[in-house]
Amino acid sequence: MTLRHFLQFRDFSRETFADLFERTRWIKDKFKRYEPHHVLFDRTLVMVFEKASTRTRLSFEAGFQQLGGSAIYLNTRDSQLGRGEPIEDSAEIISRMSDLVMIRTFEQSVIERFAAHSRVPVINGLTNEYHPCQVLADLYTFIEQRGAITGRTVAWVGDANNMCNTWLQAAEVLDFRVHVSSPPGYGPNPELNRITDNPHVRLFEDPMEACRGAHLVSTDVWTSMGYEAENEARMKAFADWRVDADMMRVADKDAIFMHCLPAHRGEEVTPEVIDGPQSVVWDEAENRMHAQKALMEFLLLGQQENA
Ligand code: CP
Ligand code: NVA
């Protein structure tokens, strides 16, 4: 089988995502019926964390065990990764002793260098630039709750961070629109994203206008991991980019709210919205596990029939 990685959203085609969403539904149903699905018996997943995590670690570790394999957790603090061992050497070693690697790190270039020296598939568990597993789960959640995403509008309110960059890639692959509203200086990076003459992206100064008619409203923390030194400036700059009930009111009447979590209630979103009836954040978090099980199965075994 050809070696494939999932380093950013556009690594896969629209057809592959359609298969993954179908498979996620099947895997989730099986899990809910307590039926074992040990297709990755005896396989090993290594998870490398250079930043903190609750959901990503839990969903990958629990998910891989449910597929019959075992997962090993490494972090920068107590492995040689924190003592400057070259990423290329780490890739050689880790990939000789495992079947699959998930990495959460800082620059995207780190995961790309790792993948270039890996003998096994590599999954991006979040970088400064992208968070493709989260958007995979978010899209599955939207489809599960509201049907196809094609032709719909997603409003992104706040920092044009790793999540926003990934949404912009997903919009091109799956043909939907993203309305982005960020404070001045915190909008989408034109070196990473095609912003001008892109029918999938529209930028708004006013977050309320970005939400108008949207089918999904999403946001994220004002300060992502690795940017803590900017926290004070960000608190001031983002004060008007808080998703609130008024923004949800101008969205489509069936709009849902998502947040990749962890959330800061009262900063990027009001408690009324994140804990309100339009919020699907708990399903969204759970779906990380189901979607990633489908992803890991695909990377190790190829496309599977739902039977
Ligand atoms: N959403 C997400 O990736 O959460 P963690 O940082 O807890 O893994
Ligand atoms: N944008 C956030 C997502 C955390 C899951 C961060 O990178 O810290």
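## Describing the sheet that holds strand β4 (residues 122-124)
Picture the strands of a sheet paired through backbone hydrogen bonds; they go either parallel or antiparallel.
Alright, step 1. A sheet is described by the order of its strands in space; here four strands give the open sequence β2-β1-β3-β4, paired in parallel fashion. The sheet is open, and its two edges are formed by β2 (70-75) and β4, each paired on a single side. Pairs of neighbouring strands in the sheet enclose a mean axial angle of 20°, with direction left out of account.
Alright, step 2. Sheet analysis places strand β1 (residues 44-49) next to strand β3 (residues 100-104), joined by five bridges and oriented parallel. Paired with valine 46 across the two strands is valine 101, which belongs to β3.
Alright, step 3. Contacting β1, β2, β3 and β4, helix α2 (residues 55-66) runs over the sheet at an angle of about 175° to β1.
Alright, step 4. Contacts from helix α4 (residues 108-116) reach β3 and β4, with the element oriented near 170° to β4.

## Re the environment of proline 271
Alright, step 1. Assignment of secondary structure puts proline 271 in helix α10 (residues 271-274).
Alright, step 2. Separated by 12 residues in the primary sequence, proline 271 and histidine 259 place their C-alpha atoms 12 Å from one another.
Alright, step 3. Apart from residues no more than four positions distant in its own chain, proline 271 is found in contact with Arg265, Gly266 and Gly276.

## Comments concerning the packing of α2 against helix α11 (residues 281-301)
Alright, step 1. Packing of α2 against α11 brings their axes to within 9 Å, and their N-to-C directions diverge by 55°. In this view, α2 runs oblique relative to α11, as classed from their interaxial angle. Of the two possible hands of crossing, α2 and α11 adopt the one that is right-handed. Contacts between α2 and α11 involve Arg55, Thr56, Ser59, Phe60, Ala62, Gly63, Phe64 and Gln66 on the former and, on the latter, Ala285, Arg288, Met289, Gln292, Lys293, Met296 and Leu300.

## Points about the site of ligand 2
Alright, step 1. All residues adjacent to ligand 2 are Leu126, Asn161, Asn162, Asp220, Ser224, Met225 and Leu261.
Alright, step 2. Between ligand 2 and aspartate 220 there is a distance of 2.6 Å, counted from a nitrogen atom to a side-chain nitrogen or oxygen.
Alright, step 3. Between ligand 2 and serine 224, the relevant distance is 2.8 Å, taken from a nitrogen atom to a side-chain nitrogen or oxygen of the residue.
Alright, step 4. More than half of the atoms of ligand 2 fall within 2 Å of the grid points belonging to the largest pocket.
Alright, step 5. Partitioned by chemical class, the residues of the shell around ligand 2 number three nonpolar, three polar and one charged.

## Some words on the packing of aromatic side chains
Alright, step 1. Inspection of every chain in the model, using the stated rule, returns 11 aromatic pairs.
Alright, step 2. Between the aromatic rings of phenylalanine 6 and phenylalanine 17, the centroid separation amounts to 6.3 Å while the plane-to-plane angle is 65°, which identifies the pairing as edge-to-face. One end of the pair, phenylalanine 6, is in the segment before α1 (14-32); the other, phenylalanine 17, is in helix α1, and 11 residues separate them in sequence.
Alright, step 3. For phenylalanine 6, a relative accessible area of 0% puts it in the buried group.

## Some remarks on the pattern of salt bridges
Alright, step 1. Tallying each qualifying case throughout the model produces 14 salt bridges.
Alright, step 2. Between glutamate 35 and lysine 30 there is a salt bridge, with its nearest N and O atoms 3.3 Å apart.
Alright, step 3. When the shortest N-O distance is used, the salt bridge between aspartate 159 and arginine 234 registers 3.1 Å. Of this pair, aspartate 159 sits in the loop between β5 (153-157) and α6 (162-174) while arginine 234 sits in helix α8 (residues 231-237), and the two are 75 residues apart along the sequence.
Alright, step 4. Judged by relative accessible area, aspartate 159 falls into the buried class, the value being 7%.
Alright, step 5. Through salt bridges with shared partners, one network takes in Lys30, Arg33 and Glu35.

## With respect to α6
Alright, step 1. For α6, with 13 residues, the first-to-last C-alpha span of 18 Å sits near the 18 Å given by 1.5 Å per residue.
Alright, step 2. For α6, the tally of buried residues reaches 12 of 13 residues, placing the bulk of the element in the interior.
Alright, step 3. Where α6 is concerned, the buried positions are Asn162, Met163, Cys164, Asn165, Thr166, Trp167, Leu168, Gln169, Ala170, Ala171, Val173 and Leu174.
Alright, step 4. For α6, the elements touching its buried residues are α1, α5 (132-146), β5, β6 (177-181), β7 (201-203) and β8 (216-219).
Alright, step 5. You can read the cap of α6 off the contacts: a side-chain oxygen lies 3.0 Å from the backbone nitrogen of methionine 163, and it is on asparagine 161.
Alright, step 6. Downstream of α6 by a residue or two, aspartate 175 has a phi angle that is positive, lying close to 60°.

## Describing the environment of alanine 155
Alright, step 1. Positionally, alanine 155 belongs in strand β5.
Alright, step 2. The exposure class assigned to alanine 155 is buried, which follows from its relative accessible area of 0%.
Alright, step 3. For alanine 155 and phenylalanine 257, which are 102 residues apart along the polypeptide, the C-alpha to C-alpha distance reads 9.6 Å.
Alright, step 4. Excluding its chain neighbours within four sequence positions, the residues that come into contact with alanine 155 are His179, Ala210, Cys211, Ala214, Leu216, Val217 and Ser218.

Cut-offs used in this document
Residues numbered from 1 in each chain as written. Chains lettered and ligands numbered in written order. Predicted model: local features only at pLDDT ≥ 70, side-chain atom pairs only at ≥ 80, totals over all residues. Heavy atoms only, no water. Pairing = 2+ DSSP bridges. Helix = DSSP H or I, 4+ residues; strand = E, 2+ residues; numbered from the N terminus. Axes fitted to C-alpha atoms, helices over the stretch in contact; angles between N-to-C directions. Contact = heavy atoms within 4.5 Å. Parallel < 35°, antiparallel > 145°, perpendicular 65-115°, else oblique. Left-handed = near helix turned anticlockwise from the far one by under 90°. Near = heavy atom within 4 Å. Polar contact = N/O pair within 3.5 Å; in protein donor to acceptor, adjacent residues only side chain to side chain. 1 Å grid on protein atoms, 1.4 Å probe; cavity = no way out; pocket = protein on both sides within 12 Å on 5 of 7 lines; lining within 4 Å. Sits in = over half its atoms within 2 Å of the grid points. Nonpolar A, V, L, I, M, F, W, Y, C, P; charged D, E, K, R; others polar. Phe/Tyr/Trp six-rings, centres within 6.5 Å; stacked < 30°, edge-to-face > 60°. Buried < 20%, exposed > 50% of the residue type's maximum accessible area, 1.4 Å probe, protein only. Salt bridge = Lys/Arg side-chain N within 4 Å of Asp/Glu carboxyl O. Expected span 1.5 Å × (residues − 1).

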